[in-house]
Amino acid sequence: MKSDQDVGITTYLSKFYIHLCYDISSAHVISQHDSGNSSTIIELVLVGFSNHPQADISLFFLFSVVYLVNLFGNTVIIFLVVIDSCLQTPMYFFLCHLAFLNIFYTTTVVPKMFFNLLAPKKVISYDLCLAQTYISLLMGAAECIILAIMALDRFVAICYPLQYLLIMNWSMCVQLAVGAWIISFFASVVPLYFTMLPLCGPYIVDHIFCEVPVLLHMVCADTSLQETMMVIGACGTLLLPFLLITLSYLRILVAVMRMQSAEGRKKAFSTCSSHLTVVTIYYGTGMFMYMRPKSLYSAEGDKLISLFYAVINPALNPLIYSLRNKEVKGALKRLLERCYYTV
């Protein structure tokens, strides 16, 4: 039996070994050029879940299952909407954009996370780190706006059912979708590009992937401007869409309460419940991560939050929309029957 003192010494030595490995690795993340002081960052240490090395294998298999569910579920939704005429409506058109966004977002983050769980050297190239930062910001902003557009679509469908197809015609849907991506790009990627500052050593990213709130802790200079820009950007891509969603559902609630038919109220609530579930999960974690001062940063807590909205939530979305949606389940049933009779 080991004494408490032996366990404490072992824990201390394991933590010391981890930090020693980071210090050794960080000594190699800079490539010196010329004889001056200028340097170029080649790679950074990506801590991830290295503080829990005994869980690497378990986390690898767990995240693999979640990632495969994400890929399969979102791909099935896109496929069903494309081949089934019953799902070729504005709501499912925007759902396809959400599914594509979920696949692209997680594919930027998860493969490197997989590799680092099993790799002895937990590093990420500087270029990939920047790519993750820009893409995560763009995808996060786009998801917020698309969720707001989906709420607007439900508002028009329930409050103005007779004018729904006239208002939400295909031309309008395409314009809204293109506008969502363009606004997301100019509200997230462009400001970050012009305000990004050099990073300071040690080049250790104590997170599961690279994103703006984490990199702000590695900037050499004062980050007041960057923090202000992040809050302003979050107001534009988080708060305004959330306000639109809230107002849309308040109007929907009033309209549903005025319905005489209990079946009509049930159908309206069923239509909106899936979207409300996704909105609550995504906006709750996103606002906590991007709308707070740098002083409230917590490495371990933020890893779990980012893991939820970047990895787990994209896998939950197709399950939420399919399990709680009769139209999607009906389309899937028709597809399976068609495959069965074809074979």
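See the structure above.
Below is a summary of the structure that appears in this document. Each residue is numbered by its place in its chain's sequence as written, counting from 1. Confidence filtering applies because this is a predicted model: local features only for residues at pLDDT of at least 70, side-chain atom pairs given and counted only at 80 or more, and all residues used for totals across whole chains, interfaces and linings. Note that the side-chain values use all heavy atoms of the structure and ignore hydrogens as well as water.

1. Description of the side chain of Q132
Alright, step 1. Along the chain, Q132 falls in helix α4 (residues 126-159).
Alright, step 2. Once residues lying within four places of it in the same chain are set aside, the contact partners of Q132 are T108, V109, K112, I124, F209 and C210. In DSSP terms, a helix is any run of H or I states spanning at least four residues, a strand is any run of E spanning at least two, and both are numbered starting from the N terminus. We call two residues contacting when some pair of their heavy atoms lies within 4.5 Å.

2. Side note on helix α3 (residues 90-118)
Alright, step 1. Here α3 spans 43 Å end to end across 29 residues, near enough to the 42 Å set by a 1.5 Å rise per residue.
Alright, step 2. Along α3, the sharpest change in direction is near 35 degrees and occurs at T107; proline P111 comes one to four residues later. Residue count minus one, scaled by 1.5 Å, sets the expected span of a helix. Note on bend: the value at a residue is the angle between axes fitted to the seven residues ending there and to the seven starting there.

3. Comments concerning a nonpolar patch on the surface
Alright, step 1. A contiguous nonpolar surface patch, about 450 Å² in accessible area, is contributed by V174, V178, I182, F185 and F186.
Alright, step 2. Its location among the elements puts I182 in helix α6 (residues 170-195). What goes into a patch is any residue over 30% in relative accessible area without a salt bridge, connected to like charges within 9 Å or, for nonpolar side chains (Val, Leu, Ile, Met, Phe, Trp, Tyr), within 5 Å. Only the protein chains shown count as covering a residue, and every accessible area follows the Shrake-Rupley method with a 1.4 Å probe. Each salt bridge in this description consists of a side-chain nitrogen of Lys or Arg and a carboxyl oxygen of Asp or Glu lying within 4 Å of one another.

4. Some thoughts on the packing of aromatic side chains
Alright, step 1. Any two of the Phe, Tyr and Trp rings considered here, Trp counted by its six-membered ring, make a pair once their centres fall within 6.5 Å; the pair's planes then place it as stacked at under 30 degrees, edge-to-face at over 60, or tilted in between. Applying the stated criterion across every chain, the model contains 10 aromatic pairs.
Alright, step 2. Judged by centre distance (5.3 Å) and plane angle (70 degrees), the ring pair of F93 and F94 falls under edge-to-face.
Alright, step 3. Buried means the residue's accessible area, taken with a 1.4 Å probe over protein chains only, is under 20% of the maximum for its type, while exposed means over 50%, and partly exposed covers the values in between. Classification of F94 as buried rests on a relative accessible area of 1%.
Alright, step 4. The interplanar angle of 85 degrees and the centroid separation of 5.2 Å between the aromatic rings of Y193 and F194 together place this pair among those described as edge-to-face.
Alright, step 5. Counting every residue linked through ring pairs, the aromatic cluster contains F60, F61, Y67 and F114.

5. With respect to the environment of L215
Alright, step 1. Mapped onto the elements of the fold, L215 is located in helix α7 (residues 212-215).
Alright, step 2. Residue classification places L215 among the buried positions, given a relative accessible area of 3%.
Alright, step 3. Considered as a pair, L215 and T133 are 82 residues apart in the sequence and their alpha carbons are 8.6 Å apart.
Alright, step 4. In this structure L215 touches C129, T133, M196 and L199, once residues within four positions along its chain are discounted.

6. Some points on the sheet that holds strand β4 (residues 123-125)
Alright, step 1. Any two strands are treated as partners once DSSP identifies two or more bridges connecting them. Sheet architecture is open: three strands sit in the order β4-β3-β5, paired in mixed fashion. The two strands at the open ends of the sheet, each matched to only one other strand, are β4 and β5 (204-205).
Alright, step 2. The pairing of strand β3 (residues 43-46) with β4 spans three bridges and is classified as antiparallel. Counted as the bridge partner of V45 is V123 from β4.
Alright, step 3. Fitted lines through C-alpha atoms give the axes, limited to the stretch in contact for helices. The angle between two N-to-C directions lies from 0 to 180 degrees. In the packing of α4 onto the sheet, the strands contacted are β3 and β4, and the crossing angle to β4 comes to about 80 degrees.

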